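An overview of the molecular structure
So the chains spell out like this:
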Amino acid sequence: EKQYGDIWTNDEYLQFMYERLILMRELLSDRGSIYLHCDWHKSHYLRMIMDEVFGADNFRNEIIWCYKRWSAASKGFQNCHDIICIYSKTDGYTWNQLWDTYADAGKHYTEKDENGEFRWQYLNGKKYKLYKKEGTRAKDWWDEIPYINSMATERVGYPTQKPEALIEKIILASSNPGDLVFDCFMGSGTTQSVAMKLGRRFLGADINMGAIQTTTKRLLNVAENIPPIERGEKYTGFEVYNVNNYDFFRNPVEARDILMSALEVQPFPPDSIWDGELDGRMVKVMPVNRIATKADIEELAANLPYMKYDRIYDENPNEVVERITLVCMGHEPDLMASLQEKLKKYRTDIEICDVLRDRADIQLKRESEAKILREGRKLVIHAFYPMNLLQKLLLQKEYVEDWRQLVDSVIVDWNYDGAVMQPAVIDVPGKNELVRGVYDIPEGAGVIRVKITDVLSESLEVEVS
């Protein structure tokens, strides 16, 4: 419920989308198109935002995706369609004409007159036009793609999963083999899966850890099922990146404690305005999941002990009333000046410790470890220690008996070339199954490289001598 719920109120959601659409416009190629999928709740607002960001002249199509599904009785018509808005940056966008099959023409698809033109046909007293073999030019309402039901074979269990046929139609229309496709709300990884099958390169991003796990496992399965003869034309390799200490930022309370420990700050009780003390300085840890802003300074300044400052000032106006260290993960450039302005009556000593800039040596995460050995003609994984995951389990007082319970996949390259892994073994367990952990080493194996990905989608790659 919490993981997939809509956490945005109306204004915040639109601002959230506006900022991301601006960034997407910057990232979009001059040959590219952007497809925005939405339902009736916000489509009219988002259309106006798209007009502002991309320009009304760059609007290309509004697709109506129609589908059938059962819904509860209500006073009104059933909502059985979604909207897809298409925009580009220039008139030079890629466009590949798609065709809808023309059922009425039947076997008469190829009949032409003496001039090679397609002609009219009379059947049962009615006049039909005979179309090209491909069919009719694709329409802007799509009624042939069903909604994914609970029994669909492609379903992976993700609540907002889209049909592969829907994404395939989009990718085929607006890209060519080798082009780069990006889905910044990738969910279950349908876009990436279809892109891999169609020979497109792909990027995906999502803030939801469940999305990362689902997509990783799904792509491994897609890659494994592509016939070897086709793999040279497909982009089956991929990597998962934790951007900007993503896992660290996901839990602000835990992140604050890690920072305090790494900086050796002596913590204060929770009811104190300050988080702790370091070398005689009062330390305040600013929000760690974003840059610190002047609004944060406003909040801090409203709670400072001004009675204490006034007493020190009255006794000696030249004495420093407080030595302050603000700890942050990036900040607005005038952050210190903003606090100094609030305290301009007093003499203060303020410094900013920007961890990303000043203390890049701090280890916010611990690297995973593993014990992997060649034993005769077997490759044996004896143990795997995903340190960050184990730390989380320890904090939650949860324990596992078998290291394989922590593993999402194991990939092995028997002849690693030092640059790119070419997986020969892709061990992705099914539901309620575990990775094997023991693998037969083939004849002619050279440098063996193993990649183990845990259930948080964090990976360890090691070479086995």
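Figured I'd write up the structure that's included with this text. (Residues numbered from 1 in each chain as written. Predicted model: local features only at pLDDT ≥ 70, side-chain atom pairs only at ≥ 80, totals over all residues. Heavy atoms only, no water.)

For the rest of this paragraph, the subject is the side chain of Ser175. Topologically, Ser175 is positioned in the loop between helix 3 (164–174) and strand 9 (180–183). The exposure class of Ser175 is buried, given its relative accessible area of 6%. Separated by 2.7 Å, the side chain of Ser175 and the backbone oxygen of Ile171 make a polar contact. In this view, Ser175 contacts Thr94, Asn96, Val181 and Arg200; residues no more than four positions away in its chain are not counted. (Helix = DSSP H or I, 4+ residues; strand = E, 2+ residues; numbered from the N terminus. Buried < 20%, exposed > 50% of the residue type's maximum accessible area, 1.4 Å probe, protein only. Polar contact = N/O pair within 3.5 Å; in protein donor to acceptor, adjacent residues only side chain to side chain. Contact = heavy atoms within 4.5 Å.)

Looking now at the packing of helix 8 (residues 294–301) against helix 10 (residues 335–342). One can describe the packing of helix 8 onto helix 10 by two numbers: an axis separation of 9 Å at closest approach and a directional angle of 30 degrees. By the angle between their axes, helix 8 is roughly parallel relative to helix 10. In the crossing of helix 8 with helix 10, the sense of the turn from one axis to the other is right-handed. Residues Lys294, Ile297, Glu298, Leu300 and Ala301 of helix 8 form the contact with helix 10, whose participating residues are Leu335, Ser338, Leu339 and Lys342. Counted by class, the contact of helix 8 with helix 10 contains five nonpolar, one polar and three charged residues. (Axes fitted to C-alpha atoms, helices over the stretch in contact; angles between N-to-C directions. Parallel < 35°, antiparallel > 145°, perpendicular 65-115°, else oblique. Left-handed = near helix turned anticlockwise from the far one by under 90°. Nonpolar A, V, L, I, M, F, W, Y, C, P; charged D, E, K, R; others polar.)

Among soluble globular proteins, nonpolar side chains are generally buried collectively. If you look at the biggest cluster of nonpolar residues, it comprises 19 residues, and the most contacted ones within it are Trp274, Leu304, Tyr309, Ile324, Leu326, Leu339 and Leu343. Mapped by element, the contributors of at least two residues to this core are helix 8, helix 9 (306–315), strand 14 (320–328), helix 10 and strand 15 (347–354). Among the elements that line this core, the one with the most residues is strand 14, at four residues. Not counting the four nearest positions on each side in its chain, Ile324 is found in contact with Trp274, Arg281, Met282, Leu339, Leu343, Asp349, Ile350 and Glu351. (Core = buried A, V, L, I, M, F, W, Y, C linked by side-chain atoms within 4.5 Å.)

All told, the structure shown has 24 salt bridges when counted by the stated rule. Among the ionic pairs, Glu19 bridges to Arg20, the shortest N-O distance being 3.8 Å. Look at Glu19 and you get partly exposed, because its relative accessible area is 44%. With a relative accessible area of 32%, Arg20 lands in the partly exposed category. Between Asp358 and Arg357 there is a salt bridge, with the nearest N and O atoms lying 2.8 Å from each other. Look at the salt bridges and you will find they share partners, linking Glu164, Lys197 and Arg218 into a network. (Salt bridge = Lys/Arg side-chain N within 4 Å of Asp/Glu carboxyl O.)

Counting across every chain of the model gives 10 aromatic pairs. Ring centres of Trp65 and Tyr147 lie 6.3 Å apart, and the angle between their planes is 20 degrees; on these two criteria the pair is classed as stacked. Of this pair, Trp65 sits in strand 2 (residues 59–66) while Tyr147 sits in the loop between strand 8 (141–142) and helix 3, and the two are 82 residues apart along the sequence. Residue Trp65 is classed as buried on the basis of its relative accessible area of 2%. Among the residues examined, Tyr147 registers a relative accessible area of 36% and is labelled partly exposed. Centroid distance Tyr67 to Tyr147: 4.9 Å. Interplanar angle 45 degrees. Geometry classified as tilted. Of the two residues, Tyr67 sits in the loop between strand 2 and strand 3 (81–88) while Tyr147 sits in the loop between strand 8 and helix 3, which places them 80 residues apart along the sequence. When its relative accessible area of 6% is taken as the criterion, Tyr67 is described as buried. Taken together, the ring pairs connect Tyr306, Tyr309, Tyr313 and Tyr346 into an aromatic cluster. (Phe/Tyr/Trp six-rings, centres within 6.5 Å; stacked < 30°, edge-to-face > 60°.)

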